[in-house]
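Listed below are the residues making up each chain.
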Amino acid sequence: MNDNRGKRTPGMAPTTGRGQGGLLRGMDSGRMQRHKHDQEVFHTLLERHRELHREVENLPNGIRSVTTSSSPDLVALLKEHAHVMHRRLQEGFGLRFWDAAFAEIFAQAGAVQMRVNDLSDGVETIETSDDPNVVKLIQAHGQVVNAFVTEGFAAAQRISPLPDDYRRVLS
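Residues numbered from 1 in each chain as written. Predicted model: local features only at pLDDT ≥ 70, side-chain atom pairs only at ≥ 80, totals over all residues. Heavy atoms only, no water.

Peer 1: Just checking my understanding: could you explain the environment of Ala154 for this structure?
Peer 2: One can find Ala154 in helix H6 (residues 153-156). In this structure, the C-alpha to C-alpha distance between Ala154 and Leu46, residues 108 residues apart in sequence, is 9.0 Å. (Helix = DSSP H or I, 4+ residues; strand = E, 2+ residues; numbered from the N terminus.)

Structure (structure tokens):
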């Protein structure tokens, strides 16, 4: 029997403990299927990261990012992914529970305003907050997503750092 408990593949959570694997076991089949589909889209974006272009502008209250591609199939996946992440944030349907910054942004979802605008070649995303502490988190998350676009799976395997001066909400 192949025992993969506690091991992590790129973009995946550990399969034991309080990480994503433990939470997924209690998930209904519809949400599990949604999660697996979302993960497949994310993995495709990571695999083809060199075909993506991303620019991020820090705003006083968050970020504005534009992610594009010249590949029509990737444009469709970018749009799907951005809208799905917005929906998951609204629903509190987190991911990467083993990653402190991702867990924290989902914990702070009520303080994050997110707007996704489709472009002909990708998406524009504007993420803001009225809470200066959450603004730090949004800006750090923007840099993590930049790393995903720049490095692909190599970046997805790392734990995303919280900003040094961020006041953590999770215990």
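The rest of the description comes next.
Peer 1: Would you explain unusual backbone geometry in this entry?
Peer 2: Excluding glycine, a negative phi dihedral is what most residues carry, and trans is how most peptide bonds are arranged. With a phi angle near 50°, Arg96 is a residue other than glycine that sits in the positive phi range. On the secondary structure map, Arg96 appears in the loop between helix H3 (72-91) and helix H4 (100-107).

Peer 1: When you look at the packing of helix H2 (residues 29-47) against H3 in this model, what are you seeing that I'm missing?
Peer 2: Helix-helix packing: each pair is described by the crossing angle between the helix axes and the interaxial distance. Two elements in contact, H2 and H3, have axes separated by 10 Å at closest approach and are oriented at 135°. Viewed along their axes, H2 and H3 adopt a mutual orientation that is oblique. Crossing hand, H2 versus H3: left-handed. Here H2 contributes Arg34, His35, His37, Asp38, Val41, Phe42, Thr44 and Leu45 to the contact with H3, which in turn contributes Leu74, Leu77, Leu78, Glu80, His81, Val84, Arg87, Arg88 and Glu91. (Axes fitted to C-alpha atoms, helices over the stretch in contact; angles between N-to-C directions. Parallel < 35°, antiparallel > 145°, perpendicular 65-115°, else oblique. Left-handed = near helix turned anticlockwise from the far one by under 90°. Contact = heavy atoms within 4.5 Å.)

Peer 1: Help me understand the sheet that holds strand E1 (residues 52-59) in this model?
Peer 2: Pairing in this open sheet of four strands is antiparallel, and the strands run E1-E2-E4-E3 from one edge to the other. Each end of this open sheet is capped by a strand with a single partner; those strands are E1 and strand E3 (113-119). Strand-to-strand twist in this sheet, taken as the mean axis angle between neighbours without regard to direction, amounts to 15°. Relative to strand E2 (residues 62-69), E1 is paired through eight bridges, and the arrangement is antiparallel. Pairing of Glu55 across the sheet is with Val66, part of E2. Running over the sheet, H3 touches E1, E2, E3 and strand E4 (122-128) and is turned about 160° from E3. (Pairing = 2+ DSSP bridges.)

Peer 1: Would you mind showing me how to read helix H5 (residues 132-151) here?
Peer 2: Taking 1.5 Å as the rise per residue, H5 with 20 residues should run 28 Å; its terminal C-alpha atoms sit 29 Å apart, in good agreement. Along H5, 15 of the 20 residues are buried, which leaves the element largely enclosed by surrounding structure. Sitting at the head of H5, Asp131 places a side-chain oxygen 2.8 Å from the backbone nitrogen of Asn133. Phi turns positive, to about 65°, at Gly152, one or two residues after H5. (Expected span 1.5 Å × (residues − 1). Buried < 20%, exposed > 50% of the residue type's maximum accessible area, 1.4 Å probe, protein only. Polar contact = N/O pair within 3.5 Å; in protein donor to acceptor, adjacent residues only side chain to side chain.)

Peer 1: For this particular structure, what's the right way to read the pattern of salt bridges?
Peer 2: Between side chains of opposite charge, pairing is possible as soon as their charged atoms come close. In total, this model carries nine salt bridges according to the counting rule given. The closest approach of N and O atoms between Arg48 and Asp73, which form a salt bridge, is 2.5 Å. In this pair, Arg48 is assigned in the loop between H2 and E1 and Asp73 in helix H3, connecting sequence segments 25 residues apart. For Asp73, a relative accessible area of 42% puts it in the partly exposed group. (Salt bridge = Lys/Arg side-chain N within 4 Å of Asp/Glu carboxyl O.)

Peer 1: How should I be thinking about the nonpolar core in this particular structure?
Peer 2: Most often, soluble globular proteins have nonpolar side chains that are buried together. Among the nonpolar cores identified, the biggest contains 26 residues, and Leu89, Ile138 and Phe148 are the most heavily contacted of them. Per-element accounting of this core gives the leading share, six residues, to H5. The contacts of Phe148, once residues within four sequence positions are left out, are Phe42, Leu46, His49, Arg96, Phe102, Ala155 and Ala156. Val41, Leu45, Leu52 and Val149 belong to the second largest nonpolar core, which has seven residues in total. (Core = buried A, V, L, I, M, F, W, Y, C linked by side-chain atoms within 4.5 Å.)

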